[in-house]
Amino acid sequence: MQALIRRAELDQLCNLLDRHSAAAVISPPGLGGDEILKALEAESTVPVIRVPNGQTEFARTYTGLEIVLASLRSLELGNFESTELESRLKSEKSDDPDSVRVIADEVTRLIGSMESEQGVLVIVPGADAMDQPSQFVLGHMLRRMAGSSLKIAVSTGALSPTSLLAGVPCVELRHLSDSRMLELADELTSGRVAAGVAAVAVRTASGRPSALRQLLERLPTNQMEGSQALDLPLRLGPNADGMVSVAKNDLGDEAEVLLGLMSLAPLSPRPAVLGASREAQEWFSELEARGTVEKDGVYCRFSEELARVCTHRTLSVDERLAGHSLLAQRCEESYPELNRWHRSFIDATEETPRQLLADACALVSEGLDWAGIEFAERALALSMELGPISTLLNDLAARLIDLGQIDFALRYLAYAARSADVRVLVRARTLRVWAEFLVQQSVPLRLRNQWSRSEVTTAPAEVAHLQLVIALCHALRRETAEAHELLDNASSLRAHFDDRSTRLYRSLDVLLECGRGHDERAVEDFRALDAAEDSDPVCLLLLSIGLMAAENYDSALATLDCLDTCGARETIWDTQARYVRAEIAIRRGDIGLAIALIDKFASSAVSGGLIRRDRQLLLQCWSLLAQGRASDAETVEAALTAHAVASQNLSLVAELNAIQGNYLLRMGLPAEAVRHLHRCEELASGELNPNVIRFEPDLIEALIATGRREHAGMLVRVFHGRVERAPSRWAELALERSRILLLPDGAGIEAMGRLLGSWRPGDSQFDKGVTLLVMARRLADSGAHAGAAERARLAVGIFREVGSDHLADAARPEHAETHVEPVCNGLLDRLSADERAVVDLVREGLKNREIALRIFVSLRTVELRLTSVYRKLDVTSRTGLIARLANGSGLPVA
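Procedures and definitions
- The numbers attached to residues start from 1 for each chain and follow its sequence in the written order.
- With the structure being a predicted model, the display of local features is reserved for residues of pLDDT at least 70 and the display and counting of side-chain atom pairs for 80 or more, all residues being used for whole-chain, interface and lining totals.
- In computing side-chain values, all of the structure's heavy atoms are included and hydrogens and water are not.
- What counts as a helix is a DSSP run of H or I of at least four residues, what counts as a strand is a run of E of at least two, and both are numbered from the N terminus.
- We call a residue buried when its accessible area falls under 20% of the maximum for its residue type, exposed when it is over 50%, and partly exposed in between, using a 1.4 Å probe and counting protein chains only.
- In what follows, a contact means two residues having at least one pair of non-hydrogen atoms within 4.5 Å.
- In short, Shrake-Rupley with a 1.4 Å probe defines the accessible areas, and a residue's cover is counted only from the protein chains shown.
- In summary, the charge assignment counts Lys and Arg as positive and Asp and Glu as negative, without counting His or the chain termini.
- Every charge is mapped onto a representative atom, which is NZ of Lys, CZ of Arg, CG of Asp or CD of Glu.
- Note on aromatic contacts: the rings of Phe and Tyr and the six-membered ring of Trp form a pair at centre separations within 6.5 Å, being stacked when their planes are under 30 degrees apart, edge-to-face when over 60 apart, and tilted otherwise.
- Surface patches are drawn from residues lacking salt bridges whose relative accessible area is over 30%; two like charges belong together within 9 Å, two nonpolar side chains (Val, Leu, Ile, Met, Phe, Trp, Tyr) within 5 Å.
- Throughout this description, the term salt bridge denotes a Lys or Arg side-chain nitrogen within 4 Å of a carboxyl oxygen of Asp or Glu.
- The span you would expect from a helix comes to 1.5 Å times its residue count less one.
- Fitted lines through C-alpha atoms serve as axes, helices being fitted only where they are in contact, and the angles separating the N-to-C directions of these axes extend from 0 to 180 degrees.
- Roughly parallel here means an angle under 35 degrees, roughly antiparallel means over 145, roughly perpendicular means 65 to 115, and every remaining angle is called oblique.
- Here a crossing is called left-handed whenever its near helix is offset anticlockwise from the far helix by less than a right angle, and right-handed whenever the offset is clockwise.
- Lys, Arg, Asp and Glu make up the charged group, whereas Ala, Val, Leu, Ile, Met, Phe, Trp, Tyr, Cys and Pro make up the nonpolar group; the residues left over, Gly among them, are polar.
- A pair of strands is labelled paired if DSSP reports no fewer than 2 bridges between them.
- Note on scores: pLDDT gives the predictor's confidence for each residue, bounded by 0 and 100.

**Notes on the overall build of the protein chain**
Item 1. From N to C terminus, the protein chain includes 49 helices and eight strands.
Item 2. Reported as C-alpha extents along the three principal axes, the dimensions of the protein chain are approximately 105 × 80 × 50 Å.
Item 3. Put simply, the protein chain has 894 residues, and 54% of those count as buried.
Item 4. Summarising the internal contacts of the protein chain: among those between residues at least 6 apart in sequence, 67% fall at separations of at least 24.
Item 5. Working note: accessible area of the protein chain is about 39700 Å², and carbon and sulfur atoms make up 49% of it.
Item 6. Where the 99 positive side-chain charges of the protein chain centre and where its 126 negative ones centre are 4 Å apart.

Have a look at this one:
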C-alpha cells in the first residue's frame, strides 16, 4: 500500500523550518502527524536525528530534556558538549519556575552555539508527553531558534494558548473531508478499492487518514476490490484505541458492557441494550453527554463508527456470541429485525439472508441507510447462492438510489446481475442506467443494444420500463428527439405496462408537450394532485419541470411543495427539486432569490454534489456571472465543460455558452458575446422551443450592436417562426423587443415605449429592466441624453428590486455618462510586441493551444506571456482582459 503523506501540510512544515528553524506539527491521534515526520525525515537532505519517545521515563523531572541533549550529542559536533549539563539535570529535582528559566536560558545558549556546515534536522515526536520542565525548556528554545543551521521539528497532540509549547510556529492537522478521504483511499490502494468499500472505510475512519490506512491494510483483497461481502464492522489494530474520543479511564464495568452490546449491531433499540438496569440507563446518559453515543428515535448507536470498531475489537469471540444471544432474546417481541440480525450470528438458516435483505430494504426506506447496508452485507456473507435474493437486491438498490447512496446501489446491482432470471437482469440494467445518469448524466450510446428480442419476449414489462427510463434521462438532458423515439418504442409494449410505467409514460409525454408550448395536460395533472392518494416523486418532478417550461411558475412551485410533503426530503428528488426552484427564480427574474438558492445548495455540494452535477455547475456558473464574479466563474466553467464533454451533452455546452454570451452582452462586449451565442446556436439547433435556452434575443441584440443588422433581421424571422410553433409570454415580449431594435430611431423608441406599456404584473420585472436599458441606449445614440438617463435610472431601480446588484451598478446613468469609447492604444503600449500578438489572438477568441500553433511557439510560452499581460494590465482572467481593453483605462471586470 502506498505511503500516506499529507503533501500540502508537509510543504507548509518545510517552509516553516526554512524560515524559523523550528516548527511543531499539531496532530491529534490518527490525523497523520507521525507520517508527516517520517516523510520529513525521508526527504531530508541533511543528517537527521530522531529523538526516542520514552514516555515511560518522563515521570522524572528533565528526563525529556536529557534525552534530547543526548541525541544531539550523538552528532559529535566539535563545539557541542552537554555532558556536564546532563549530569546536573539528573540530580536536579526542583521544578521551581526560576530554576527552570535559568536552565532554559542555558540550553538555548548551548544550542545556539552549535555549528554545522551542512545543517542538521532534529525530530522530536510526542513533545507534549514530556515532563513539564522539559516542555518549558523545549518551548523556550524553539521560540528563539530563527537563523540556526540546526532545525527542530516536534509533534504534539494539542497546542493551546496556555501550553508550554505555545508560540512555536506550527502546522495544525485537521480532520479531512469525506471527499478528500475518498481520494486518499483511492491513492493508498492504487485505485483497487471498490467505491462502496471506500465509502464504508471513510465513514469508519471519521476524517482520520491514519485510521483509513489501517482499515484498508486489514481488508482482505477480495473484500477491498468488492467481489466479496464486507465483514462489518471493519477491523483495526490495537494502536487504534488512542484515535477515538471515548474516555475509557473513568468508565465503570456497566458502561463497558453497555458499549460492548451496542458494538454488536449498527443500531440498537435502547430498551434492549439498557434492559431494566438503572445503572445502565445512567451510564447511557453520561456517554450521550460525552458525545460517545447518540439517540435516533427508539434506537441508539455510537456517534462515531471508529469508536464502535475499537470497542468491538476488544470483545472476545465468546463475549460477542453471548451478547448476540442476549440481545436476540431481548429483541424477540418488539424488534423482529434486530432479533433476526443477532440470531444470524448464533442460529442462521437458509431463510436468514432473504429475511435480512427484506429488513435492509425496510431500514433504508426509513432513512437508516447505513444500518440497511450492514444488514445487506451480512445477508450476502451468509448467502450460498444469489438467485433467491436477487429480486430483493434490486429492491434495495432502488431505495439506496433514492437516498443518493449510488455506490452501494451499483454494488448490489452488480450482484443482482448475476441472476439467471431475465426479468431481474433487465430491471438491474434499468436501475444501473438511472443511477449512472444521476451521477454522470450519461446515457447509453446505442439504444438498441440495451435490450434483445428474447428479452422483449420474456420480460416485456421490464424492457418497456427500461425504454422509459432511458427516455427520462434524455428528457432531463433536454434531448427531446431521442426522448420521443424511446417513447414510441415503449408505446409498442403498452399492453404490458404496470402502474409505474403508465405514470412515467404519461409524465414524459406531458413534459414533451410542454416543451412544444402546450400545457393543457400539465395543468390538468396539476389540478388532479389534490385527489391523488400516492404521488410518484419522478412524476411530480417531471410535472414541475413541464409547468416551468410552460411558464406556469406558481403551479410548478406548488408541485415541488407536494414533492416535499411526500417524503422526498434528503433524497435525490429533494436535490433535483432545489435545482428546479432556482431555475424557476431565474426565469421569473427573481435574481436575488435565485442567487440565494444556488448559494445554499452550492455550499452543501460536498455532500450533495454527486446528484445531477450538470445542473449544479450550470446554476453556479450563472450565479457567479450574475454577481459579476467572472474570474471565480472560470473554474466552474472549466469543470462544467469537462463534465459536458465526458457525458457527451451538447445541450449543456449550449446552455453554458448562452449564459456566457448574455453576461458579455450586458457588460458591453457584444462582439465577444456573438462568438458564444453563435456557438450556442450551433449546438442547440435541434431545440425547437426558444423558451428553453433563451439565447436568440441576446444574439439578435449583439449582432445589431456589432453592425450586422441584415444577419439580425434574418434571425428575427427564424425566431418568429419558432415562437409561433412554441408560443410563450416570454418569447412574445422578447420577439417584439428584437423587432423594435431593427426599426429606425424614432419609430423604434416609440415602439419600445408601447412595449413597456404592455408589460403585465406577472411578466418578468428583470426583463422589463433589460428592455428599459436597451431603450436608454437607443435614446443615447439618438442624442436624447436626458431621456436615456431617466430610462437607465428606472432600469437600475428594477435591477435593485429583483436583486441584480451587479447589473444595477453597470447600468447606472453616471456610469454611462462617463463611459468612453474603447481606447486600447495606451494599454497596449505597456506590452511587448510578443505580448500584443498574443492579446490580439485572444480578442479573436482563440484558445491558448490555437495561439501557440498560430505564432509558432510552445503552449508554455503562450501561458507565460498571458501571465505577464495579466500582471501589467491588472486583470486575472481572459474575460477581464477583454473587458479591460474594451473599456480603455476603466476598471477591470472582476
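Still more to cover.
**Some details on the packing of aromatic side chains**
Item 1. As enumerated under the stated definition, the model contains nine aromatic pairs in all.
Item 2. For the ring pair W370 and F408, a centre distance of 5.9 Å and an interplane angle of 80 degrees mean the geometry is edge-to-face. With W370 in helix α18 (residues 369–382) and F408 in helix α20 (residues 406–416), the pair connects residues that are 38 residues apart, well separated along the chain.
Item 3. Aromatic pair W434 and F437: ring centres 5.8 Å apart, planes at 15 degrees, arrangement stacked. With W434 and F437 both in helix α21 (residues 422–440), this residue pair falls three residues apart, about one helical turn.
Item 4. Grouping aromatic residues by their ring pairs yields a cluster made of W341, F345 and F375.

**Notes on a nonpolar patch on the surface**
Item 1. Among the surface-exposed residues, V317, L321 and I346 lie close enough to one another that they form a single nonpolar patch of about 250 Å² accessible area.
Item 2. In this fold, L321 is placed in helix α15 (residues 317–331).

**Some details on helix α40 (residues 745–757)**
Item 1. With 13 residues, α40 extends 18 Å from end C-alpha to end C-alpha; this agrees with the ideal 18 Å at 1.5 Å per step.
Item 2. Lining the buried residues of α40 we find α39 (729–741) and α41 (765–781).

**Considerations on the packing of helix α1 (residues 7–20) against helix α2 (residues 33–43)**
Item 1. Where α1 meets α2, the axes come as close as 10 Å, and the angle between the chain directions of the two elements is 60 degrees. Relative to α2, the element α1 is oriented oblique. For the pair α1 and α2, the sense of crossing is right-handed. Contact residues: R7, E9, L10, L13, C14 and L17 in α1; I36, A39, L40 and E43 in α2.
Item 2. Split into classes, the residues belonging to the contact of α1 with α2 amount to seven nonpolar, no polar and three charged.

**Concerning the pattern of salt bridges**
Item 1. Inspection of the entire model under this criterion finds 63 salt bridges.
Item 2. Close ionic contact of E513 with R521 constitutes a salt bridge, the shortest N to O distance being 2.9 Å.
Item 3. Residue classification places R521 among the partly exposed positions, given a relative accessible area of 22%.
Item 4. R800 is paired through a salt bridge with D809; the nearest N and O atoms lie 2.6 Å apart.
Item 5. Three or more residues joined by partner-sharing salt bridges are found here, namely R478, E583, R587, R615 and E655.

**Notes on the sheet that holds strand β7 (residues 293–296)**
Item 1. As summarised here, the arrangement of the three strands in space is β6-β8-β7, forming an open sheet in which the pairing is antiparallel. Both edges of this open sheet fall to β6 (268–269) and β7, since each of them pairs with a single strand only.
Item 2. Pairing geometry for β7 and strand β8 (residues 299–302), over four bridges, is antiparallel. Counted as the bridge partner of D296 is Y299 from β8.
Item 3. The strands touched by helix α11 (residues 253–262) are β6, β7 and β8; relative to β8, the strand with the most contacts, the crossing angle is about 100 degrees.

**Things to note about the sheet that holds strand β1 (residues 22–26)**
By way of backbone hydrogen bonds, the strands of a sheet pair with one another, either parallel or antiparallel.
Item 1. Spatially, β2-β3-β4-β1-β5 is the arrangement adopted by the five strands of the open sheet, whose pairing is parallel. Both edges of this open sheet fall to β2 (48–50) and β5 (170–172), since each of them pairs with a single strand only. Each neighbouring strand pair of the sheet contributes to a mean axis angle of 15 degrees, computed without reference to strand direction.
Item 2. Of the pairings in the sheet, the one linking β1 to strand β4 (residues 150–156) comprises five bridges and is parallel in character. Directly across from V25, in β4, lies its bridge partner S155.

**A look at the confidence of the model for the protein chain**
Item 1. Confidence in the prediction for the protein chain averages 88 pLDDT; 93% of positions are at 70 or higher.
Item 2. Scored below 50 in pLDDT, residues 816–824 makes eight contacts in the model with residues more than four places away or belonging to other chains.

**Let's talk about the pairing of β8**
Item 1. Across two bridges, the pairing between β6 and β8 is antiparallel. Paired with S268 across the strands is C300, a residue of β8.
Item 2. Counting the residues in the hairpin turn of β7 and β8 gives two residues, including G297, whose phi is positive at 65 degrees.

**Overview of unusual backbone geometry**
Item 1. Cis rather than trans, the peptide bond between L232 and P233 has omega equal to 0 degrees.
Item 2. The residue P233 is located in the loop between α10 (221–224) and α11 in this model.
Item 3. Positive phi, close to 70 degrees, is recorded for Y62, a residue that is not glycine.
Item 4. Within the fold, Y62 resides in the loop between β2 and α3 (63–73).
Item 5. The backbone phi angle of D874 is positive, close to 60 degrees, even though this residue is not glycine.
Item 6. Structurally, D874 can be placed in the loop between α48 (859–873) and α49 (878–886).

**Side note on the packing of helix α17 (residues 352–365) against helix α19 (residues 390–402)**
Item 1. With their axes 9 Å apart at the nearest point, α17 and α19 run at an angle of 15 degrees to one another. With respect to each other, α17 and α19 are oriented roughly parallel. In the crossing of α17 with α19, the sense of the turn from one axis to the other is left-handed. Facing α17, whose interface residues are R354, L357, A358, A360, C361, V364 and S365, α19 presents L392, L393, D395, L396, R399 and L400.
Item 2. Residue composition of the contact of α17 with α19, grouped by class: nine nonpolar, one polar and three charged.

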